Every structure is written in C-alpha cells, then in structure tokens.
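# Coordinate inspection notes
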Amino acid sequence: MKITPSGSSCGARVDGVDLAGDLSPELIGKIRTAWLEHRVLAFAGQRMDDDALERFTLAMGGFGEDPFFAPIAGREHIAAILREAGETAPLFAENWHSDWSFLDRPPAGTCLLAIDIPPSGGDTLFANQIAAFAALPDDRKDALRSLIAIHSARLAYAPDGTYGEKDEGRSMAIRPDESANATQLHPLIQPHPETGEEAIFSTLGYIIGIEGMEQPEAIALLSELAQWQVRDEFVYRHRWEPDMLVIWDNRSVLHKATGGYEGHRRELHRTTIAAAA
Ligand code: SIN
C-alpha cells in the first residue's frame, strides 16, 4: 500500500491496494491508521461494485443511518449522488457540511465510489477542522469550547427547505419530510473520539443556533467562524478519477461538492460509516 499525502492540510492518495479483495484485519488496521492521519483517503484503481462497497463499509465500522435519501434499487444502505448531463437543479451539497451532523449519533465517516466521472470539474473540497481549531488564538479556543451548537436538517430537508417540495428537476432520490425540523445539541468543539484532537464540529447550514445565545449574536459568530473554517490553508481539493473510492472522516473534516461539468453526467455511490459504539 503506497500512501501519497496531498500536500494540502488533509487528504492522501492510496495506490497498490485492492478493496474488492481480501479485507484482512491487518489491512483494515493500516487503512484506519492512515485515515486518522490524513482524514481523507482516495483509493485509486479500484474495481469495486456495490457488494464490495458494502463489504468495505462493514469492515470500517458498519452502516450509519441515512435519512432523507432513498437508497438505490436493491440496496438498503447505498445512495446515489447523481446529476444527469442536462440537469438544471442547483448542485447538490454545494455548501460546507459534515454529513448528518444533526443526528443524535452522526456518522464517523462517508465512502464515495466513482461510478460515472465527468472529464473535468466535479471536484470535492475538504476542510481540515482540527487544523482550523488548532490555528485559533488560545482565548478564542477557550470561548468556543464552552458553546453548544443547535443542529437541524430543516434548512435542507424540511418540506420548505432547499431540497423540499419546491426543488424540481433533480435526479437524486431525496425525500424531504417534517422530521427535518427536529433539533439536536452537540458541543461546537469536539475531541476526536479516536485521537482526542479537538475539532470544530460542523458549520452553518446544519447548525442553526447556539444554545442560550440570542439568534443575531449566534448567527454572527457562526458566520465569522464559517469563513475561518474553510480558509485556503485548511482545504484540500480532491480531483476524481474513474475507479476511485474516497473515504473521509466526518469528525475532522467538512466537505462540499463543486460544479464545472455542465453537459456531463456525474454519479457516485455513497455509504456512511456508523459512529463507534
Ligand atoms: C456529498 O456531500 O455527499 C457529495 C459530495 C460530492 O458530490 O462531491
């Protein structure tokens, strides 16, 4: 297994491993160590089908919960991130987020398998939230450590949200519903459950306020922090290749989709890795 760091704040390319083959505990251990170090791993040259994607997800910790997506036909835990060539709906996930941070137990990671990759564009951006926290002044770190964030899926997946009833012409199987209005509290700064490193957990979009803080003050704080969280020095731009599987750590990075592939189809199959028990 050859690991080549991206040279950015996070991310590494992995060559020389066959994830459709034997997933020995030794191999998974090596992958987990590299994953915790680089936070985003891009496995090149894979020959994975949906069975292999499921096997790998199970080996990495099991399936997480996936609300608001209908799975692909015949599978319970695989969703398609899909955009047809002629699609005109706004891009899916073109805002920074940590997957499903509004759940009681957000997923540890996400796997994304290339199915149909456009010739250019469609990069995925990742922002290292451990580096973003570490670079703050000490007094700012202390102030943020005391805050509890209010997470919710309402802006995206409620019937009146971005992907709600007025969202037309989208090929992805998104299923908005009223349950998106629920809220969930999480500390704004969280120690990584496996490494203990502190990270800024999630951002505006899925965070709708701060517990005990007036809304204008909370939104001002979150907006200012959101700009800091995605400064260039914390960001890795991932360029997709056919036959590539990417996994990322939702506890330490934010991510977002990008466009730039108008007139081309883009499809990836996605699973989430459950939080450790
Ligand atoms: C996602 O946020 O799951 C999708 C990212 C992408 O399409 O690049």
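These numbers were taken from a predicted model, which means no experiment stands behind them.

## Points about unusual backbone geometry
In this structure, alanine 93 takes a positive phi of about 60 degrees despite not being glycine. Unusually for a residue other than glycine, tryptophan 100 sits at a positive phi of about 50 degrees. As for its position among the elements, tryptophan 100 is in the loop between strand 4 (79-83) and strand 5 (109-116). Classification of tryptophan 100 as buried rests on a relative accessible area of 1%.

## Focus: the UniProt feature "domain: TauD/TfdA-like" (unreviewed entry) in the protein
The residues that UniProt annotates with the feature "domain: TauD/TfdA-like" (unreviewed entry) are residues 3-272. End C-alpha atoms of residues 3-272 are separated by 23 Å, and the span's content is 21% helix alongside 26% strand.

## A closer look at the sheet that holds strand 6 (residues 124-128)
The antiparallel open sheet is built from three strands, whose spatial order is 12-6-14. Because the sheet does not close on itself, it has two edges, and the strands there are strand 12 (235-238) and strand 14 (253-257). Mean inter-strand twist for the sheet, computed between neighbouring axes without regard to direction, equals 20 degrees. By the bridge criterion, five bridges tie strand 6 to strand 14 in an arrangement that is antiparallel. Within strand 14, the position partnered with phenylalanine 126 by the bridge is histidine 255.

## Describing the nonpolar core
Judged by nonpolar contacts, the single largest core of 60 residues is most densely connected at Phe43, Phe56, Tyr157, Leu245 and Ile247. Looking at which element gives the most residues to this core, the answer is helix 1 (residues 25-38), with five residues. For phenylalanine 43, the residues in contact, after removing those within four places along its chain, are Val14, Val17, Leu19, Ile31, Phe56, Asp243, Met244, Leu245 and Ile247. Listed in part, the 17 residues of the second largest apolar core include Ala132, Leu136, Ala218 and Leu225.

## Observations concerning the site of the ligand
Surveying the vicinity of the ligand reveals the residues Ile81, Ala93, His97, Thr124, His255, Ala257, Arg266 and Arg270. For the ligand, an oxygen atom lies 2.8 Å from a polar atom in the side chain of arginine 266. One of the side-chain N or O atoms of arginine 270 is found 2.8 Å from an oxygen atom in the ligand. For the ligand, whose accessible area on its own is 260 Å², the fraction buried by protein is 99%. Residue assignment for the shell around the ligand shows that the elements contributing at least two residues are strand 14 and strand 15 (266-273). The residue inventory of the shell around the ligand, partitioned by class, reads three nonpolar, three polar and two charged.

## Description of the pattern of salt bridges
Across all of its chains, the model carries 24 salt bridges by this definition. The shortest N-O distance in the salt bridge between aspartate 66 and arginine 270 comes to 3.9 Å. With aspartate 66 in the loop between helix 2 (50-59) and strand 4 and arginine 270 in strand 15, the pair connects residues that are 204 residues apart, well separated along the chain. Put simply, arginine 265 and glutamate 267 hold a salt bridge, and the shortest N to O gap is 2.9 Å. For glutamate 267, a relative accessible area of 12% puts it in the buried group. Salt bridges here are not isolated pairs; linked through shared partners, they connect Arg32, Glu194, Asp249 and Arg251.

## Details of the pairing of strand 1 (residues 2-5)
As defined by bridge partners, strand 1 adjoins strand 2 (residues 12-15) across four bridges and the pair is classed as antiparallel. Its bridge partner being in strand 2, threonine 4 is matched across the sheet by arginine 13. The turn linking strand 1 back onto strand 2 is made up of six residues, and glycine 7 within it adopts a positive phi angle of 90 degrees.

## Overview of the packing of aromatic side chains
Evaluated as defined, the whole model comprises 13 aromatic pairs. Measuring from ring centre to ring centre gives 4.9 Å for phenylalanine 68 and tyrosine 157, while their planes differ by 5 degrees; the resulting arrangement is stacked. In this pair, phenylalanine 68 is assigned in the loop between helix 2 and strand 4 and tyrosine 157 in helix 5 (residues 154-157), connecting sequence segments 89 residues apart. Both residues of the pair, phenylalanine 68 and tyrosine 157, belong to the buried class. Summarising the aromatic geometry, the rings of phenylalanine 126 and tryptophan 248 are spaced 5.3 Å apart at their centres and angled 55 degrees between planes, so their arrangement reads as tilted. One end of the pair, phenylalanine 126, is in strand 6; the other, tryptophan 248, is in strand 13 (residues 245-249), and 122 residues separate them in sequence.

Each value, and the rule that gives it
- Residues numbered from 1 in each chain as written.
- Predicted model: local features only at pLDDT ≥ 70, side-chain atom pairs only at ≥ 80, totals over all residues.
- Heavy atoms only, no water.
- Helix = DSSP H or I, 4+ residues; strand = E, 2+ residues; numbered from the N terminus.
- Buried < 20%, exposed > 50% of the residue type's maximum accessible area, 1.4 Å probe, protein only.
- UniProt positions renumbered as here; feature names shortened; annotations may be inferred.
- Pairing = 2+ DSSP bridges.
- Axes fitted to C-alpha atoms, helices over the stretch in contact; angles between N-to-C directions.
- Core = buried A, V, L, I, M, F, W, Y, C linked by side-chain atoms within 4.5 Å.
- Contact = heavy atoms within 4.5 Å.
- Near = heavy atom within 4 Å.
- Polar contact = N/O pair within 3.5 Å; in protein donor to acceptor, adjacent residues only side chain to side chain.
- Areas by Shrake-Rupley, 256 points an atom, 1.4 Å probe, with all protein chains shown as cover.
- Nonpolar A, V, L, I, M, F, W, Y, C, P; charged D, E, K, R; others polar.
- Salt bridge = Lys/Arg side-chain N within 4 Å of Asp/Glu carboxyl O.
- Phe/Tyr/Trp six-rings, centres within 6.5 Å; stacked < 30°, edge-to-face > 60°.

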